[in-house]
Amino acid sequence: MENIIFDVKNLNLFYGEKQALINLNMQIEKNAITALIGPSGCGKLTFLRCLNRMNDLIDGCRVEGDILIEGKDMYKGDLNVVDLRTRVGMVFQNYALYPHLTVRKNIMFPLENLKRKDRLSKEEMEKRVLDAAKMVSLEELLDRKPRELSGGQQQRVAIARALVKMPRVLLLDEPLSNLDARLRLQTREEIRRIQRETKITTIFVTHDQEEALSISDLIVVMKEGILQQIGKPQEVYDQPANLFVAKFLGTPPINVFSGKVTDGQVKIGEETVLLADLPDQEVTVGIRPEGFVVDEDGTFSCALKGIEVLGRDISIVASH
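Along each chain, residue indices are assigned from 1 in the same order as the chain's sequence is written. This being a predicted model, a pLDDT of at least 70 is required before a residue's local features are given, and a value of 80 or more before pairs of side-chain atoms are given or counted; all residues contribute to the totals for chains, interfaces and linings. With hydrogens and water stripped out, all remaining heavy atoms of the structure feed into the side-chain values.

Whenever I open this one, the overall build of the chain confuses me. Can you help?
In DSSP terms, a helix is any run of H or I states spanning at least four residues, a strand is any run of E spanning at least two, and both are numbered starting from the N terminus. Helices and strands together make up the secondary structure of the chain, namely 9 helices and 16 strands. Buried residues in the chain amount to 44% of all 320 residues. Should any heavy atoms of two residues lie within 4.5 Å, those residues are counted as being in contact. In the chain, the proportion of contacts linking residues at least 24 apart, taken out of those at least 6 apart, comes to 61%. Throughout, the Shrake-Rupley method with a 1.4 Å probe supplies accessible areas, and for residues the shown protein chains are the sole cover considered. Working note: accessible area of the chain is about 17,500 Å², and carbon and sulfur atoms make up 49% of it. Exposure categories follow from relative accessible area, calculated using a 1.4 Å probe and restricted to protein chains: below 20% of the type maximum is buried, above 50% is exposed, and the middle band is partly exposed.

Can you walk me through the packing of helix α5 (residues 151-163) against helix α6 (residues 181-198) in this structure?
Between the N-to-C directions of two axes lies an angle of 0 to 180 degrees, each axis being a line fitted to C-alpha atoms and, for a helix, fitted only over the stretch in contact. Across the interface, α5 lies against α6 with an axial gap of 10 Å and an inter-helix angle of 20°. Comparing their axes, α6 and α5 come out roughly parallel. Both α5 and α6 take part in a crossing whose hand is right-handed. Across from Gly 151, Gly 152, Gln 155, Arg 156, Ile 159 and Leu 163 in α5, the residues of α6 making contact are Leu 183, Gln 186, Thr 187, Glu 190, Ile 191 and Ile 194. Amino acids are sorted into nonpolar (Ala, Val, Leu, Ile, Met, Phe, Trp, Tyr, Cys and Pro), charged (Asp, Glu, Lys and Arg) and polar (every other residue, Gly among them). Looking at the contact of α5 with α6, its residues break down into 5 nonpolar, 5 polar and 2 charged. Under this scheme an angle from 65 to 115 degrees is roughly perpendicular, one under 35 degrees roughly parallel, and one over 145 degrees roughly antiparallel; angles in between are oblique. Working rule for handedness: look at the near helix, and if it is turned counterclockwise from the far one by less than a right angle, call the crossing left-handed; if clockwise, right-handed.

How should I be thinking about unusual backbone geometry in this particular structure?
What is expected of a backbone is that most residues other than glycine have negative phi and most peptide bonds are trans. Omega for the bond connecting Thr 251 with Pro 252 falls within 30 degrees of zero, at -5°, which places this linkage in the cis form. With respect to the element layout, Pro 252 can be found in the loop between α9 (243-248) and β11 (255-262). Positive phi values are uncommon outside glycine, yet Ser 137 reaches one of about 60°. Position of Ser 137 relative to the elements: it lies in the loop between α4 (122-135) and α5. Of the residues examined, Ser 137 reaches a relative accessible area of 40% and is grouped as partly exposed. For Glu 224, which is not glycine, the phi torsion reads 50° and is therefore positive. Residue placement: Glu 224 occurs in the loop between β9 (218-223) and β10 (226-231).

What exactly am I supposed to notice about α6 here?
Along its 18 residues, α6 runs 26 Å from first to last C-alpha, staying within 8% of the 26 Å computed at 1.5 Å per residue. When we look at burial in α6, the residues that qualify are Leu 183, Thr 187, Arg 188, Glu 190, Ile 191, Arg 192, Ile 194 and Gln 195. As for α6, its buried residues are in contact with β3 (33-37), α4, α5, β7 (169-173), β8 (201-206) and α7 (209-215). One or two residues past the end of α6 sits Lys 199, with phi positive at roughly 65°. To estimate how far a helix should reach, multiply one less than its number of residues by 1.5 Å.

Before we go on, may I ask you to explain the pattern of salt bridges in this structure?
Side chains bearing opposite charge may pair, as long as their charged atoms lie close to each other. In the sections that follow, a salt bridge refers to a side-chain nitrogen of Lys or Arg positioned within 4 Å of a carboxyl oxygen of Asp or Glu. All told, the structure shown has 15 salt bridges when counted by the stated rule. The partner of Lys 76 in a salt bridge is Asp 66, and the shortest N-O contact between them spans 2.7 Å. On the criterion of sequence distance, the pair formed by Lys 76 in the loop between β5 (72-73) and α2 (81-87) and Asp 66 in strand β4 (residues 61-69) is long-range, its members being 10 residues apart. Here Lys 76 falls in the exposed class, since its relative accessible area comes to 56%. Glu 70 is the salt-bridge partner of Arg 87, the closest N and O atoms lying 2.7 Å from each other.

Teacher, can you tell me more about the nonpolar core here?
Most often, soluble globular proteins have nonpolar side chains that are buried together. Here, nonpolar core refers to any group of buried Ala, Val, Leu, Ile, Met, Phe, Trp, Tyr and Cys residues whose side-chain atoms link them within 4.5 Å. Ile 37, Ile 107, Ile 219 and Leu 249 are the most contacted members of the largest nonpolar core, which totals 47 residues. Here this core gets 6 residues from one element, more than from any other, and that element is α5. In this structure Leu 249 touches Ile 37, Gln 209, Ile 219, Val 236, Tyr 237 and Arg 288, once residues within four positions along its chain are discounted. Counting 30 residues, the second largest nonpolar core, distinct from the first, contains Leu 13, Leu 21, Leu 24 and Met 90.

Even after reading the chapter, I still don't get the side chain of Gln 195, so can you show me in this structure?
As for its position among the elements, Gln 195 is in helix α6. Here a polar contact means two N or O atoms within 3.5 Å. Within protein one must be a hydrogen donor candidate and the other an acceptor candidate, and residues neighboring in sequence count only if both atoms are side-chain atoms. A distance of 3.3 Å separates a polar side-chain atom of Gln 195 from the backbone oxygen of Ile 200. Other than its neighbours up to four places away in sequence, Gln 195 contacts Asn 31, Ala 32, Ile 33, Ile 200 and Thr 202.

Help me understand the pairing of strand β1 (residues 4-15) in this model?
Burial analysis of β1 places 9 of its 12 residues in the buried class, the great majority of the element. Pairing of β1 with strand β2 (residues 18-29), which is carried by 8 bridges, proceeds in the antiparallel orientation. Across the sheet, residue Tyr 15 finds its bridge partner in β2, namely Lys 18. Strands qualify as paired when DSSP identifies two bridges or more between them. Connecting the antiparallel pair β1 and β2 is a turn made up of 2 residues, with Gly 16 showing a positive phi of about 65°. Two elements, β1 and β4, share 8 bridges in a ladder whose sense is antiparallel. The partner of Asp 7 across the bridge, within β4, is Leu 68.

Here it is in structure tokens:
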């Protein structure tokens, strides 16, 4: 348990009569990047808010079950909200920067709100702000206002504002969704670099599977409030727990065929594609695009519909 930051047990969340999260059980490791992925409305952002108790702000919200952060139950009095806010920092999808404040003041804002024993001197706050700004390469822009920054720079300000508190956990709500493709790739690498340097446990929500697969150490796949699979990205891609996970991960998507097992042979139509020690039954056969090898004498035949040239890749569009 020493390597676990969050331990989630039988978590259920309700908005009035509607259940948004259903019996979630998982453990999230320290010092790693975890991606929460799934289609829109699957509950990933709702779960992220649970990890910061932001769902408390929503009328009619009710939580059942346990979420432990470093062994302390977040919902049963082990931690007050102030303690939790110092442990967990959150970056919102729309950045939520104060337009009338400079970058320096935006980053400093959480420190100015610290009370009593946590209060810092002016010099300490300035040093923390400069350290956080350097971490995200913003030290030259501290006197600018948000409107004078690009989307990627605003994103980095929001990350620096969360990091300046030195939290144990950083939560990111679709951090790259407002950026163009080139900037998204650059910022993705930046987030990974920052996480490696700070060793802060990072959990982020995304609907972009490529983003999740490329920078995360662990991915959590959700559908309709239910955990579908949790594991290392390549393991989940290679060994999906069910057909939903298999279809959700992968670009281009996996090819799915109706098949059958007859006398130890897996058949699609009348063609044998695989030998398997299975009883005779109807099956679903999934083949990743990279799993095909073009062979005129191959056992599986397709009708060519077209060819798409995508820079370094060439995609063959065919039907069985």
